[in-house]
Amino acid sequence: MLALPWGMRVEPGSGWTTLIHRRWKGSDTRDVPVRRAKAVLGVGNMNDWQRKSPLDWETYVNKMVKVAAIEKHEYEGWVLTVDPVSASIVLATFLENEKVSISVVLGHAVQEVEILKEGDDEMKQRLSCIFAPEESKAYSPEELEKRKNKLKTWLETNHIPVTEQGESGRTLCVAGVLTIDPPYGPEECSSSNEIILSRVQGLIQGYLEKQQ
């Protein structure tokens, strides 16, 4: 199961590559049909892309890429993130009228990723705002940084391994299997492991209640 930044989870059926698309302008969102490309998946076999480390995947974030997938499918877009568990790539494509199309290419279907363009500071900022929850927009960058650092310190105090992820370090990564995005509440936790997800969400909820 792939946990996506906006809270959706994709559980691909056997032998299918799933692409989820969502378009929106501001907070007015609507779902559009799911497209699937037939995939041939060798059970237990990992491709070169899946064998890369999280540090390798991070070098693709905020860059325009072309992804060559199985059965000669190709996808282009700006890399928002790479799921650390499944190696799935989340791509953003900017359309007309400030709308954005989001695609998820599952890791097992990736054959090659070619970097087409580096993102400048303006593009990095534009990409970082795509999945920012409405509540996080109520916080200033300084307040979000303070919330992140306090939560990170609390996790470390409780002997929970945590690192910062992404070029700007906006995302916290717990034990390499769970991520926490701004504004760093239980709802912003994402993981493919439901047991870990539930436990960390409970810990963060308790932490936030003590802060009030």
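Structure's up top.
Treat the numbers as computed from the prediction; the structure is a model and nothing was measured.

Cut-off values and rules
- Residues numbered from 1 in each chain as written.
- Predicted model: local features only at pLDDT ≥ 70, side-chain atom pairs only at ≥ 80, totals over all residues.
- Heavy atoms only, no water.
- Pairing = 2+ DSSP bridges.
- Helix = DSSP H or I, 4+ residues; strand = E, 2+ residues; numbered from the N terminus.
- Axes fitted to C-alpha atoms, helices over the stretch in contact; angles between N-to-C directions.
- Contact = heavy atoms within 4.5 Å.
- Phe/Tyr/Trp six-rings, centres within 6.5 Å; stacked < 30°, edge-to-face > 60°.
- Buried < 20%, exposed > 50% of the residue type's maximum accessible area, 1.4 Å probe, protein only.
- Lys NZ or Arg CZ within 6 Å of the ring centre and 35° of its normal.

**Q** Before we go on, may I ask you to explain the pairing of strand 8 (residues 74-82) in this structure?
**A** On a regular strand, one side chain projects to one face of the sheet and the next to the other, so that they alternate. With five bridges connecting them, strand 7 (residues 63-69) and strand 8 associate as antiparallel partners. Bridge assignment links valine 67 to a residue of strand 8, and that residue is tyrosine 75. Sheet analysis places strand 8 next to strand 9 (residues 89-94), joined by four bridges and oriented antiparallel. Across the sheet, the residue bridging to threonine 81 is valine 90, located in strand 9. What sits between strand 8 and strand 9 in their antiparallel hairpin is a turn of six residues, with alanine 87 showing a positive phi close to 65 degrees.

**Q** So what exactly am I meant to see when it comes to the sheet that holds strand 10 (residues 100-105) here?
**A** Backbone-to-backbone hydrogen bonds pair the strands of a sheet. The strands run either parallel or antiparallel. The strand order across the open sheet formed by five strands is 10-9-8-7-11, and the pairing between neighbours is antiparallel. Looking at strand neighbours, the two that pair on one side only are strand 10 and strand 11 (110-118), the edges of this open sheet. Neighbour-to-neighbour, the strand axes of this sheet turn through a mean angle of 40 degrees, independent of strand direction. As paired strands, strand 9 and strand 10 are joined by six bridges and run antiparallel to one another. Considered in strand 10, the bridge of valine 90 is made with valine 104. Seen against the sheet, helix 3 (residues 121-128) touches strand 8 and strand 9 and runs at an angle of roughly 110 degrees to strand 9.

**Q** Please clarify how the packing of aromatic side chains should be interpreted in this entry.
**A** The relation between two aromatic rings is expressed through the spacing of the ring centres and the mutual angle of the planes. Inspection of every chain in the model, using the stated rule, returns three aromatic pairs. Seen in terms of ring centroids, tryptophan 49 and tyrosine 60 are 5.1 Å apart; in terms of plane orientation they differ by 75 degrees. Their pairing is edge-to-face. Of this pair, tryptophan 49 sits in helix 1 (residues 48-51) while tyrosine 60 sits in the loop between helix 2 (54-58) and strand 7; the two residues are 11 residues apart in sequence, bridging distant segments of the chain. Each member of the pair, tryptophan 49 as well as tyrosine 60, carries the same accessibility label: buried. Each ring, one from tryptophan 154 and one from tyrosine 207, has its centre 4.9 Å from the other, and the planes form 40 degrees; the classification is tilted. Pair noted here: tryptophan 154 is in helix 4 (residues 141-157) and tyrosine 207 is in helix 5 (residues 194-211), with a separation of 53 residues, a long-range link. The buried category is assigned to tyrosine 207, whose relative accessible area is 7%. In textbook terms, an aromatic cluster arises when at least three aromatic residues are bridged by ring pairs, as seen for Trp49, Trp57 and Tyr60. For the cation-ring pair, arginine 126 lies above phenylalanine 94, with the distance from its terminal atom to the ring centre recorded as 3.8 Å.

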